[in-house]
Amino acid sequence: MKVSFKLCAVIGLSFSIVASGCGKTESVTDGGTATPSGATAAPAASPKSTTPVKLSVLIGGTGLSDVDKKIQAEIGKKIGVDFDFNVMQTSNNNEYANQINVRVAAGNVPDIFTVSNDQMQQFSKQGAILDLTNYMDKMPNVKKAYSAADLTKGKVDGKQMTLPKRAAVPYRTLMLRKDWLDKLNLPIPKTLDELAIVIKAFHDRDPDGNGKQDTYGLTGTGLDVFAPFFGAFGASYGTASSAEGNLMIKDDKVAYSTTQPEMKQALKFINDLYKSGAIDPDILTNKGNAASTKAQKGQVGVIYSNWSDMFKDEFVKLTTDTNPNAKFITIEPPVGSGGKFNGAFDNSAADWRIALPKALEKTPEKLEKALAYLNFITGAGEGQNLVMFGFEGTHYTKEGDAIKPLPAVSELGTTFQLQLTGRDELPYLYTKFPKQKEYIDFAINLPYIKVYNNFSKIPDGLNKSDKDRFENEEIIKFIYGKRPIDQFDDFVKTLNTTYQLQKYVDEADKAFKEKGLIK
């Protein structure tokens, strides 16, 4: 999903899979990735064994369906691995990040796990994760499928410290109950004020006709639910997969989104909407599919989430099972004083980055299998087809090289979580979800504020985790009225002094100039 999730801080992100800056790039030739001095040599091949190797994997996400688990087990049979594959369900990305931080500190990490850009930099400095540079030749499918730009997102000081998930496309969109809109004789909202009227009406005017005030106007997962509201002011906070201020470009200079005057205006508007009682009170604690389930059950009328959370066949059925007349539609982000933006999209980001612990070198057989696994699920072929389309003959058939999905493909649920290295996004989506093409294209073509959070390194002396935590906590306080909006300037001052935000912006300024984004 996407969401891409992707979704966002306190609010919100064993092979045990636990799932949720670029350094200088080494030159690459047709023969392989260049090896920087000091890189660790690949281990000698271990004796072959018929006993499956145990591998733990940990990722963040919504959880695997029974069919997804069977697919993962089949992958294990194919490559000789007994997987302990775990998905950590969270209400925000910080929960997962904190779990990984604790486990790295304790020396108790899975054999494969995902990290954020900040964690990749931090763990690389600590020597906690494995430099993959010298192991790329053991993953020929990865080398073939990844572009230089993809690989760069996983590098620190020229070393391939992680494998970033290949870039996805935007999934998020505003969706609302058109039948409720018609019942209340309201037009499809175009402006921010019109959207607020609809959200309040869905709470106040008994749109489901049961004589009770038991519906909410707006839901989602974490602060991400407010992305289009921020966008209407030309502001942004976080992305589908993060909960922090964004590094953006304003008047050919680096600007930090949270400190801009537009953010203050947006927070005041959202606080006023919150005071109406029309917002789902659980947005900060909604986990997994909780928000979309509320929408499908008729408990809420507007949701900001991935199109795939509402318009896959099985979710449409859940909606109409509750009410045969229920119908969700997508709408454009609302127009406000700052324009019309469906949130922020990080052009430098990856949904996650796959890391292997440095200690895995001490068990060469495990390391060999971990590399074989990542190679198997990447690029054209049996492994990639398994994680994308399921079992041939059950979920799809082939006509030449073309994949033809069968009705049972709808059983696959959340197989994107099995696609650790990503996929060729649009061909996959159009093949697997032909009936949802209009929603796929709709989300892709929405306007987004461009941000570049992953191009900047964390400067020495700045504790970014502390900065992000403070920032997120205060944004929540402003939205929920726990801190008056007239203290916004004091909040910005604290970011710049106590949390040394300017050092972070200055580092971004250097990086943006190096990449030609600003002069």
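For clarity, every value in this text was computed on a predicted model and none was experimentally measured.

(A) Quick peek at unusual backbone geometry. Phi is positive for Asp157, which is not a glycine, with a value near 50°. Mapped onto the elements, Asp157 comes out in the loop between strand E6 (155-156) and strand E7 (159-160). By relative accessible area, which is 43% here, Asp157 ends up partly exposed. Although it is not a glycine, Asp251 adopts a positive phi angle of roughly 55°. When you line up the elements, Asp251 lands in the loop between strand E11 (247-250) and strand E12 (253-256). Judged by its relative accessible area of 68%, Asp251 falls in the exposed class.

(B) Helix H17 (residues 464-479), seen in detail. Compared with the 22 Å implied by 1.5 Å per residue over 16 residues, the 22 Å span of H17 between its first and last C-alpha is a close match. Buried residues of H17: Lys464, Lys467, Asp468, Phe470, Glu471, Asn472, Glu474, Ile475, Ile476, Phe478 and Ile479, and no others. Contacts from the buried residues of H17 go to helix H3 (117-126), E12, helix H9 (261-275), helix H18 (488-497) and helix H19 (501-514). Between the side-chain oxygen at the start of H17 and the backbone nitrogen of Ser465 there is a gap of 3.3 Å, and the oxygen is on Asn463. Of the residues one or two after H17, Gly481 is the one with positive phi, at around 75°.

(C) Focus on the sheet that holds strand E9 (residues 172-177). An order of E10-E13-E9-E14 is seen for the four strands of this open sheet, with the pairing classed as mixed. What marks the edges here is a single partner per strand, and that holds for strand E10 (216-219) and strand E14 (328-331). Each strand of the sheet is rotated relative to its neighbour by a mean of 25°, with strand direction disregarded. Note that E10 and strand E13 (residues 300-306) share three bridges and pair parallel. Each bridged residue has a counterpart across the sheet, and for Thr219 the counterpart in E13 is Ile303.

(D) Focus on the packing of H17 against H18. Between H17 and H18, whose axes approach to 11 Å, the crossing angle comes to 175°. Between H17 and H18, the interaxial angle falls into the category roughly antiparallel. Contacts from Lys467, Phe470, Glu471, Glu474, Ile475 and Phe478 of H17 reach H18 at Phe488, Phe491, Thr494 and Leu495. Considering only residue class, the contact of H17 with H18 consists of six nonpolar, one polar and three charged.

Criteria and thresholds
- Residues numbered from 1 in each chain as written.
- Predicted model: local features only at pLDDT ≥ 70, side-chain atom pairs only at ≥ 80, totals over all residues.
- Heavy atoms only, no water.
- Helix = DSSP H or I, 4+ residues; strand = E, 2+ residues; numbered from the N terminus.
- Buried < 20%, exposed > 50% of the residue type's maximum accessible area, 1.4 Å probe, protein only.
- Expected span 1.5 Å × (residues − 1).
- Contact = heavy atoms within 4.5 Å.
- Polar contact = N/O pair within 3.5 Å; in protein donor to acceptor, adjacent residues only side chain to side chain.
- Pairing = 2+ DSSP bridges.
- Axes fitted to C-alpha atoms, helices over the stretch in contact; angles between N-to-C directions.
- Parallel < 35°, antiparallel > 145°, perpendicular 65-115°, else oblique.
- Nonpolar A, V, L, I, M, F, W, Y, C, P; charged D, E, K, R; others polar.

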